Amino acid sequence: MTSSLAIGAHVEQTDPIAEALARETSLVQFFLGDPQGYKGPEVRFAGGAEALRAAAEEAGVDLYVHAPYVVNVATTNNRIRIPSRKLLQQHMDAAAAIGAKGLIVHGGHVNKSDDPAVGFDNWRKAVEATDIKVPLLIENTAGGDNAMARHLDRIAGVWDAISSAEGAEMVGFCLDTCHAWAGGIELGDAVEKVLGITGRIDLVHANDSRDTFGSGADRHANFGQGHLPADEFAGVVRAAGAPVICETPGGASEHQADFAWLREHL
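Residues numbered from 1 in each chain as written. Predicted model: local features only at pLDDT ≥ 70, side-chain atom pairs only at ≥ 80, totals over all residues. Heavy atoms only, no water.

### Remarks on the overall build of the chain
Worth spelling out the cut-off: Each helix corresponds to a stretch of at least 4 residues labelled H or I by DSSP, and each strand to a stretch of at least 2 residues labelled E; elements are numbered beginning at the N terminus. The buried label applies to any residue whose accessible area, calculated with a 1.4 Å probe on protein chains only, is under 20% of its type's maximum; exposed applies above 50%, and partly exposed to all values in between. Should any heavy atoms of two residues lie within 4.5 Å, those residues are considered in contact. When charges are counted, neither His nor the chain ends are considered; positive counts come from Lys and Arg and negative counts from Asp and Glu. A single reference atom marks each charge: NZ on Lys, CZ on Arg, CG on Asp, CD on Glu.
Within the chain, the regular secondary structure consists of 9 helices and 10 strands. Counting only C-alpha atoms, the chain reaches 45 × 45 × 30 Å along its principal axes. Taking all 266 residues of the chain together, 53% fall into the buried category. A separation of at least 24 residues holds for 75% of the contacts in the chain among residues at least 6 apart in sequence. Each charge sign in the chain was given a centre, from 21 positive and 36 negative side chains, and these centres are 7 Å apart.

See below:
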């Protein structure tokens, strides 16, 4: 199974198909627009969404869209939560228009004085409020004491809350190896524990970490150049058995080196 495992990368959004071909891969992830702003998505591919969808199908390339980092549907702050829901729906619509296999979104967080249960319920409300057209993949995050998806117990809280929501079957999980390591999740049994909570891992963000275990720092490194133990890193990818996206520094040559490193260790 691991020999045929699809391994791709996060790429620049103007021409994801050319980026995939340059890396000799069949899957890529990218943003649609500004990852740090509330302005709606834009398809920068020549010809727009329909052209990108057609080009991806012709090339046999699977597309994944990463929602902007600013999306935080868990927060109690209405000035953030309400625009976040709107932005999430806009990116969901755009992801569906290009034929994406999934839309990845960070778990978000609540304020220091907030009860985490409020954040869990806000996730339920967000799922129910969103017209989910492609799988919505919640990603574990590296830092923050009040994060919704850093620690396993918080991920469990989110999952318990959204399990009763209409559309819950369209919500999946994206496991980031750097975030797990930096967030304090032991890699050795991470897949087993996540599956015990979510029942599914739809995508793996394979990233080495520039920082130590439990640091809370979200700083990615190329494979073999960070702190992740090679056997445990490869073990997560192997056990998850899901498509892999590398969000590592560099361009096509660096990503191809990461692909080769990972396949060698699988």
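### Let's talk about the environment of Ala 240
Among the secondary structure elements, Ala 240 is positioned in helix α8 (residues 230–240). The spatial distance from the C-alpha of Ala 240 to the C-alpha of Leu 136 is 18 Å, given a sequence separation of 104 residues. Not counting chain neighbours up to four residues away, the residues in contact with Ala 240 comprise Val 191, Ile 201 and Val 204.

### A look at helix α3 (residues 78–97)
Rules: Helices are assigned an expected span. That span is 1.5 Å times one less than the residue count. Within 3.5 Å is the distance limit for a polar contact, defined as a pair of N or O atoms, with the added protein rule that one can donate a hydrogen and the other accept it, and that residues adjacent in sequence qualify only through two side-chain atoms.
The first and last C-alpha atoms of α3 sit 28 Å apart over 20 residues, in line with the 28 Å expected at 1.5 Å per residue. Each element contacted by the buried residues of α3 is listed here: α2 (48–59), β3 (62–66), β4 (102–106), α4 (116–129) and β5 (136–139). One side-chain oxygen at the N-terminal end of α3 lies 2.9 Å from the backbone nitrogen of Arg 79; it belongs to Asn 77. Just past α3, the residue Gly 99 takes up positive phi, approximately 75°.

### Thoughts on the packing of α8 against helix α9 (residues 252–265)
Under the convention used in this document: A fitted line through C-alpha atoms serves as each axis, taken over the contacting stretch for helices, and the angle formed by two N-to-C directions is quoted from 0 to 180°. Here is the rule for angles: anything less than 35 degrees is roughly parallel, anything more than 145 is roughly antiparallel, 65 through 115 is roughly perpendicular, and the remaining ranges are oblique. Ten residue types, Ala, Val, Leu, Ile, Met, Phe, Trp, Tyr, Cys and Pro, are classed as nonpolar, four, Asp, Glu, Lys and Arg, as charged, and the remainder, Gly among them, as polar.
Contact geometry of α8 with α9 gives a least axis separation of 9 Å together with a crossing angle of 90°. One finds that α8 runs roughly perpendicular with respect to α9. Contacts from Ala 230, Phe 233, Ala 234, Val 237 and Arg 238 in α8 reach Trp 261, Leu 262 and His 265 in α9. For the contact of α8 with α9, the residue count by class is 6 nonpolar, 1 polar and 1 charged.

### Let's talk about the environment of Glu 192
Inspection of the secondary structure assignment puts Glu 192 in helix α7 (residues 190–198). On the accessibility criterion, Glu 192 (62% relative accessible area) is exposed. In the structure, Glu 192 is positioned 19 residues away from Phe 173 in sequence and 13 Å away in space, judged by C-alpha atoms.

### Focus on the side chain of Ser 209
Along the chain, Ser 209 turns up in strand β8 (residues 208–209). A distance of 2.9 Å separates a polar side-chain atom of Ser 209 from the backbone oxygen of Asp 211. Apart from residues no more than four positions distant in its own chain, Ser 209 is found in contact with Cys 178, Trp 181, Arg 219, Ala 221, Gly 226, His 227 and Leu 228.

### Here's the deal with the layout of surface pockets
Quick note on the threshold: In this analysis a 1.4 Å probe is tested at points of a 1 Å grid over the protein atoms alone, and where it fits but cannot get out there is a cavity; an open set with protein on both sides within 12 Å along at least five of seven lines is a pocket; lining residues have an atom within 4 Å of a point. Grid points are joined across faces, edges and corners, and a volume is the space filled by probe spheres set on the points.
What the largest pocket holds in volume is close to 360 Å³. Surrounding the largest pocket, 21 residues form its lining, Tyr 69, His 106, Thr 141, His 179 and Asp 218 being those nearest its centre. When grouped by side-chain class, the residues that make up the lining of the largest pocket number 6 nonpolar, 12 polar and 3 charged.

### Some remarks on helix α1 (residues 16–23)
Selection criterion: Think of the arc as the fan of directions from the helix axis to the C-beta atoms.
Taken together, the buried positions of α1 are Pro 16, Ile 17, Ala 20 and Arg 23. Buried residues of α1, seen end-on, are gathered within an arc of 130° and therefore sit on one face of the element. Considering only its buried residues, α1 is in contact with β1 (7–10), β2 (27–30), α2, β3 and α9. Immediately beyond the C-terminal end of α1, within one or two residues, lies Glu 24, with a positive phi of roughly 55°.

### Description of the pattern of salt bridges
What counts, and what does not: A pairing counts as a salt bridge when a side-chain nitrogen of Lys or Arg comes within 4 Å of a carboxyl oxygen of Asp or Glu.
Inspection of the entire model under this criterion finds 10 salt bridges. The salt bridge partner of Asp 93 is Lys 133, with a shortest N-O separation of 2.9 Å. Of this pair, Asp 93 sits in helix α3 while Lys 133 sits in the loop between α4 and β5, and the two are 40 residues apart along the sequence. Relative accessible area serves as the criterion here: at 30%, Asp 93 is assigned to the partly exposed category.

### Topic: the nonpolar core
Our working definition: What makes a nonpolar core is a set of buried Ala, Val, Leu, Ile, Met, Phe, Trp, Tyr and Cys residues whose side-chain atoms join them at distances within 4.5 Å.
In this structure, Phe 30, Leu 63, Trp 123, Val 237 and Val 244 are the most contacted members of the largest nonpolar core, which totals 75 residues. If sequence neighbours within four positions are ignored, Leu 63 has contacts with Ile 17, Val 28, Phe 30, Leu 52, Ala 56, Ile 98, Ala 100, Lys 101 and Gly 102. Tyr 64, Ile 104, Cys 174 and Ile 245 belong to the second largest nonpolar core, which has 7 residues in total.

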